[in-house]
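Breakdown of the fold
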Amino acid sequence: MRGFVLIFALFVISVRADDKTCDKSKCLVGEQKLYKELGCTPVVEEGQCCASRYECPDLTKLDGKKCHYKNEVFNVQDTLDQAITGPLCAAACFCREADEYGNARFVCANIECPELFRRRPDCIYQKTKDKCCGQAVCGDERDKLSRCYMDGREFYEGEKMYPEEERCHTCICHKEFDNSTIVGNPHCYEIDCGIQLRYMTNLQKNCVPVYYGTNKCCPIDWRCPDDKDTVESKGKNGGESTHKCTFGALKLNVGEELNSSDKDVTCACVSPPFVQCVKSK
């Protein structure tokens, strides 16, 4: 295994909208998360709240015969430390040789936690940030635990909580938990969608993630380029864009959409360089 550094110069001058008038809820949650996990830099235009585009590493220049994870390169048969993959509920991850598309990828075993199959009604499962599965606490011992409250629900100490207003964060109930803030809370942390671990080959094939709604954090599916793909402007674009979205051989101006046989999925160029796909139902 050897270090791998993506070097690219960014000269970005941006003036953000005043924090008091900036409504971050209008920004696409999943898109922000995707770009963040890929190490991209947001570019926010003057007076705007959401990023108009992102400066990203060029994934097409990665060596397809090796695996890549968070700026490191792994040779075929190299493994990832369990301390890295455990929180993602993945085990025994190793780099498998290139597939028919010429891209090596990580292959992992999924960790299936006992609480997913044999859950007693008088038990809760205490979680920690660095582990996938929880530890059961039942009956009278459970009832001695401290309680937390979030979004109208009660939780026992150690249970995971998923705040509705911060979909890319999860929290663990603690006796000193303060639900007045999520971001920056010592008992809350950002969700890792595992984009680079599970989906790097999708990105190398120019596929784009599909999200369920605009406020979900991690993708539910992927859409890959097809020879039948076309661009539909539908009158939404404001002319030729300086920065475009790339999807296979197609270039989309901001506001343009891809044709879709699924009426519930809309794929549009919102914040280059990736097309954003959203499933409405």
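That block above? That's the structure.
Because the structure is predicted, anything quoted here is derived from the model rather than measured.

Structural notes on the overall build of the protein chain
Looking only at helices and strands, one finds five helices and 22 strands in the protein chain. Expressed along its principal axes, the backbone C-alpha trace of the protein chain runs to roughly 65 × 50 × 40 Å. Here the protein chain, with 281 residues, has 41% of them falling under the buried criterion. Here the contacts in the protein chain between residues at least 6 apart in sequence split such that 46% fall between residues at least 24 apart. Between the averaged position of the 39 positive side-chain charges in the protein chain and that of its 44 negative side-chain charges there is a distance of 2 Å.

Some words on the layout of surface pockets
Considered as a void within the structure, the second largest pocket measures approximately 770 Å³ in volume. Surrounding the second largest pocket, 28 residues form its lining, Pro87, Cys89, Lys160, Tyr162 and Ile191 being those nearest its centre. Class assignment for the residues of the lining of the second largest pocket results in 15 nonpolar, two polar and 11 charged.

Quick look at the state of the cysteines
Summed over all chains, the structure comprises 14 disulfides. Note on cysteine connectivity: Cys168 is disulfide-linked to Cys217, with sulfurs 2.2 Å apart. On the S-S bond that ties Cys168 to Cys217, the torsion sits near 110 degrees, and the link is right-handed. Note that Cys168 is positioned in the loop between strand 12 (160–161) and strand 13 (169–172) and Cys217 in the loop between strand 15 (208–212) and strand 16 (221–223), a separation of 49 residues in sequence. Through a disulfide, Cys207 is tied to Cys224; the S-S separation comes to 2.0 Å.

So, the pattern of salt bridges
Applying the stated rule across the entire model yields 13 salt bridges. Of the charged contacts in the structure, one is a salt bridge between Asp143 and Arg142, with a shortest N-O distance of 3.1 Å.

Re the side chain of His68
Here His68 shows up in strand 4 (residues 67–69). A polar side-chain atom of His68 sits 2.8 Å from the main-chain carbonyl oxygen of Asp63.

Here is what the cut-offs are and how they apply
- Residues numbered from 1 in each chain as written.
- Predicted model: local features only at pLDDT ≥ 70, side-chain atom pairs only at ≥ 80, totals over all residues.
- Heavy atoms only, no water.
- Helix = DSSP H or I, 4+ residues; strand = E, 2+ residues; numbered from the N terminus.
- Buried < 20%, exposed > 50% of the residue type's maximum accessible area, 1.4 Å probe, protein only.
- Contact = heavy atoms within 4.5 Å.
- Lys, Arg positive; Asp, Glu negative; His and termini not counted.
- Charge placed at Lys NZ, Arg CZ, Asp CG, Glu CD.
- 1 Å grid on protein atoms, 1.4 Å probe; cavity = no way out; pocket = protein on both sides within 12 Å on 5 of 7 lines; lining within 4 Å.
- Points joined across faces, edges and corners; volume = space filled by probe spheres on them.
- Nonpolar A, V, L, I, M, F, W, Y, C, P; charged D, E, K, R; others polar.
- Disulfide = S-S within 2.5 Å.
- Salt bridge = Lys/Arg side-chain N within 4 Å of Asp/Glu carboxyl O.
- Polar contact = N/O pair within 3.5 Å; in protein donor to acceptor, adjacent residues only side chain to side chain.

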